Amino acid sequence: MIVRNDKNELKQALDYVDAEIKKYNLNKRDAMMAMLLAEESIVCMMDHSPEGSEIDIAFRKFFGTISLNISAPGEPFDSAESKPLMLDDGLDGVDTNTENAIRRLIFKSREDSVRYKNRFHRNTLQITVKRSDRAQLYLTLGALVLSVLLGILLKMILPETAQNALNDYFLSPVKTMFLSALKMIIGPVVFFSIVSCLSQFDSLRDLGKIGAKVMGMYLFTTLLAVLVGLGAFFVFQPGDSSLAGFVTDAAKETIEVASNTKISILDTVINIVPSNIVKPFLEADMLQIIFVAIICGVAVGMIGDYSKPLKNFFDSCNMLFLKITTLIVKVIPLAVLCSMTSLVMLTGTDMLLSIMSYVGTFLVALVAMLCVYSLLVLLFGKLNPLPLLKKHAPTMLTNFSLASSNASMPFNINSCKNMGVSTKVCAFSIPLGATVNMDGSCIYMAVAGMFLAKVFGIDLDGPAMFSMIFSIIVLSIGAPGIPGSGLVCLSVLLVQLGVPAEALSLIMGIDSLMGMFRTAVNSTGDVAVSLIVAKTEKLLDTKKYYS
């Protein structure tokens, strides 16, 4: 819409803005704030453009983000210091000075929603009316598509030495720095999230009841995940002996780490209790951090008058580290671009084509597991699973790009809250699930183990299959907190199955990609269990879930 710089046309401009805002069905608060900002900005623009000049007012929607653009000819001005004129009618019952103060306060509080620029003697104010909840999702998807195209292009035009140099000096460092930043905050996020959650419980009986349900459901879904992985393998039967010729010594380093790694139920239980309260945070041992957090959270609720300031402190720290996480993950698109470009550029196409049957089987098993979650939500939670899949889909993609269950925790907690799950449940179940509920990893080990066993002609009888299922469950719970732990656990499993550990070289090239899919399913399992437990404990806002 175009209006003249004339106060008589101000009402016409505001009527247009009001009508457009109503078209987007904004909530009452957002609509009111957008209207106030638009009013101030239009009057401000009139004050700084020649009288009688044309002022262009237009709404734009891009990937779900709604913005209002106001532009007019004029000399540059400082929008922060500008004092917009006020409407004559004012606010009912409020004097002009008070009204001006209120309006300036509102304008200042929403400065992050207003952007100003002057180009070619034309001033432009852009007001963000509503930010898209899926902006990060779209950017990440774009980065994924671009990385595949870029990786193929670089592989075609660059010699191998140049590819390695680009990966070593740019792509890999960016990915490493991003992952390091995430690892830096995982310990504090887990600790303060659980302490803040447990300090809300007035009764240890309620806490124990919820904890038992959460852990029981996690063990149940873990078993189902192993069975789903095995079922998918027996249906599609991927792999043949010809692939054995592709085996190399590329997995030598992983095999050496696995040979020094011992994982058992007894070791896992014993190592839960740390000998030093600082050590778990230094070594990022999630089970030990969870143990310390549970002890602290329970103790906070038992110390009487001192509990209130401590609760406030832990709540504040929890919010602080969650905010730090949201700041770090803003660079997810860049990290995804570098990571996937490196993968596509360095992985040989011949190898990818040769193991596509394994990849396809693995992906089908993951989809089947999502169906299992939906069935569990329907049967145990008595809920329609469609809202879960719809509302959690953007978070799944974010977790896919993170490729880390621990790093996904803040997003999973937020996803649970958006579905109406009480903080009493999700602030405890999500950090615990990020450590012990690795359904995607169970499917990965089941399919990969059977696939590589078939490649080397090893048939597994009944007792061997039972032993394999038990080993996968133990490995998924007690996985070591080291880089490439998925491959290390698989290497331990292969030795138990009698498969040469060198067989890892067949699939290790795409392990990072498989890790992304595993993380997406891991996170969905955590959220599904949280939803079921919240529903059975009457800690779910069903109206919010179905809204």
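Residues numbered from 1 in each chain as written. Predicted model: local features only at pLDDT ≥ 70, side-chain atom pairs only at ≥ 80, totals over all residues. Heavy atoms only, no water.

J.: It is not clear to me how the overall build of the chain should be interpreted in this structure. Could you clarify?
T.: For the chain, the count of helices and strands is 22 helices and five strands. Of the contacts formed within the chain by residues at least 6 apart in sequence, a portion of 81% connects residues at least 24 apart. For the chain, the accessible surface area stands at approximately 26400 Å², while carbon and sulfur atoms represent 62% of it. (Helix = DSSP H or I, 4+ residues; strand = E, 2+ residues; numbered from the N terminus. Contact = heavy atoms within 4.5 Å. Areas by Shrake-Rupley, 256 points an atom, 1.4 Å probe, with all protein chains shown as cover.)

J.: Looking at this structure, I do not really get the pattern of salt bridges. What am I missing?
T.: For side chains bearing opposite charge, pairing can occur when the charged atoms are close. All chains considered together, the criterion is met by six salt bridges. A salt bridge links Glu 537 to Lys 209, with the shortest nitrogen-to-oxygen separation between them at 3.8 Å. With Glu 537 in the loop between helix H21 (511-536) and helix H22 (542-546) and Lys 209 in helix H6 (residues 204-236), this pair connects stretches of sequence that are 328 residues apart. When its relative accessible area of 18% is taken as the criterion, Glu 537 is described as buried. With a shortest N-O distance of 2.7 Å, Glu 537 and Lys 213 are connected by a salt bridge. Of this pair, Glu 537 sits in the loop between H21 and H22 while Lys 213 sits in helix H6, placing them 324 residues apart in sequence. A relative accessible area of 28% places Lys 213 in the partly exposed class. Several salt bridges converge on common partners, so that one network encompasses Lys 209, Lys 213 and Glu 537. (Salt bridge = Lys/Arg side-chain N within 4 Å of Asp/Glu carboxyl O. Buried < 20%, exposed > 50% of the residue type's maximum accessible area, 1.4 Å probe, protein only.)

J.: Honestly, a nonpolar patch on the surface in this entry has me stumped. Any pointers?
T.: Side chains of Leu 146, Val 148, Leu 150, Ile 152, Leu 153, Met 156 and Ile 157 sit close together on the surface and give an oily, nonpolar patch of about 640 Å² of accessible area. Along the polypeptide, Leu 146 turns up in helix H4 (residues 135-157). Given a relative accessible area of 46%, Leu 146 falls into the partly exposed group. (Patch = residues over 30% accessible without salt bridge, like charges linked within 9 Å, V, L, I, M, F, W, Y side chains within 5 Å.)

J.: Can you help me understand the nonpolar core in this one?
T.: Core analysis: the biggest nonpolar cluster contains 123 residues, and Tyr 358, Ile 443, Tyr 444, Leu 490 and Ile 507 have the highest contact counts within it. Setting aside residues up to four positions removed in sequence, Tyr 444 forms contacts with Tyr 358, Phe 362, Gly 449, Gly 486, Leu 487, Leu 490, Ile 507, Asp 511, Met 514 and Arg 518. Counting 25 residues, the second-largest nonpolar core is a separate cluster that includes Ala 13, Leu 26, Ile 70 and Ala 72. (Core = buried A, V, L, I, M, F, W, Y, C linked by side-chain atoms within 4.5 Å.)

J.: Explain the environment of Lys 424 to me, please; I cannot follow it from the model alone.
T.: Within the secondary structure layout, Lys 424 lies in helix H17 (residues 423-436). The class of Lys 424 is partly exposed, set by a relative accessible area of 26%. Considering only alpha carbons, one finds Lys 424 and Ser 196, 228 residues apart in sequence, at a separation of 9.0 Å.

J.: How do you make sense of the sheet that holds strand E4 (residues 114-118) when you look at a structure like this?
T.: Note on sheets: strands pair through backbone hydrogen bonds, and any given pair is parallel or antiparallel. Taken together, five strands build an open sheet; the order of strands is E1-E2-E3-E5-E4 and the sheet is antiparallel. A strand with exactly one partner marks an edge of an open sheet, and here the two such strands are strand E1 (2-4) and E4. Mean inter-strand twist for the sheet, computed between neighbouring axes without regard to direction, equals 20 degrees. Alignment of E4 against strand E5 (residues 122-130), held across five bridges, turns out to be antiparallel. When the bridges of E5 are listed, Tyr 116 appears paired with Leu 125. Strand contacts of helix H1 (residues 10-23): E1, strand E2 (54-62) and strand E3 (65-73), with the helix running at about 5 degrees to E2, the strand carrying the most contacts. In this fold helix H2 (residues 28-47) packs onto E1, E2, E3, E4 and E5, with an angle of close to 175 degrees to the strand it touches most, E5. (Pairing = 2+ DSSP bridges. Axes fitted to C-alpha atoms, helices over the stretch in contact; angles between N-to-C directions.)

J.: What is the right way to look at the environment of Asp 526 in this model?
T.: Residue placement: Asp 526 occurs in helix H21. Owing to a relative accessible area of 2%, Asp 526 belongs among the buried residues under this scheme. Sequence separation between Asp 526 and Ser 405 is 121 residues, and the spatial gap between their C-alpha atoms is 9.7 Å. Excluding its chain neighbours within four sequence positions, the residues that come into contact with Asp 526 are Tyr 218, Asn 412, Ile 430, Gly 433, Ala 434 and Asn 437. At 2.8 Å, the side chain of Asp 526 and the side chain of Asn 437 are in polar contact. (Polar contact = N/O pair within 3.5 Å; in protein donor to acceptor, adjacent residues only side chain to side chain.)

J.: How should unusual backbone geometry be read in this particular structure?
T.: Leaving glycine out, the prevailing phi sign among residues is negative, and the prevailing peptide bond configuration is trans. The backbone phi angle of Phe 120 is positive, close to 55 degrees, even though this residue is not glycine. Tracing the backbone through its elements, the reader meets Phe 120 in the loop between E4 and E5. A positive phi angle, near 60 degrees, is found at His 121, a position not held by glycine. As for its position among the elements, His 121 is in the loop between E4 and E5.

J.: Even after reading the chapter, I still don't get helix H10 (residues 286-300), so can you show me in this structure?
T.: Note that an α-helix has 3.6 residues per turn; residues three or four places apart therefore point the same way. Between its terminal C-alpha atoms H10 stretches 21 Å, which fits the 21 Å expected from 15 residues at 1.5 Å a residue. Among all positions in H10, only Met 286, Leu 287, Gln 288, Ile 289, Ile 290, Val 292, Ala 293, Gly 297, Val 298 and Val 300 are buried. (Expected span 1.5 Å × (residues − 1).)

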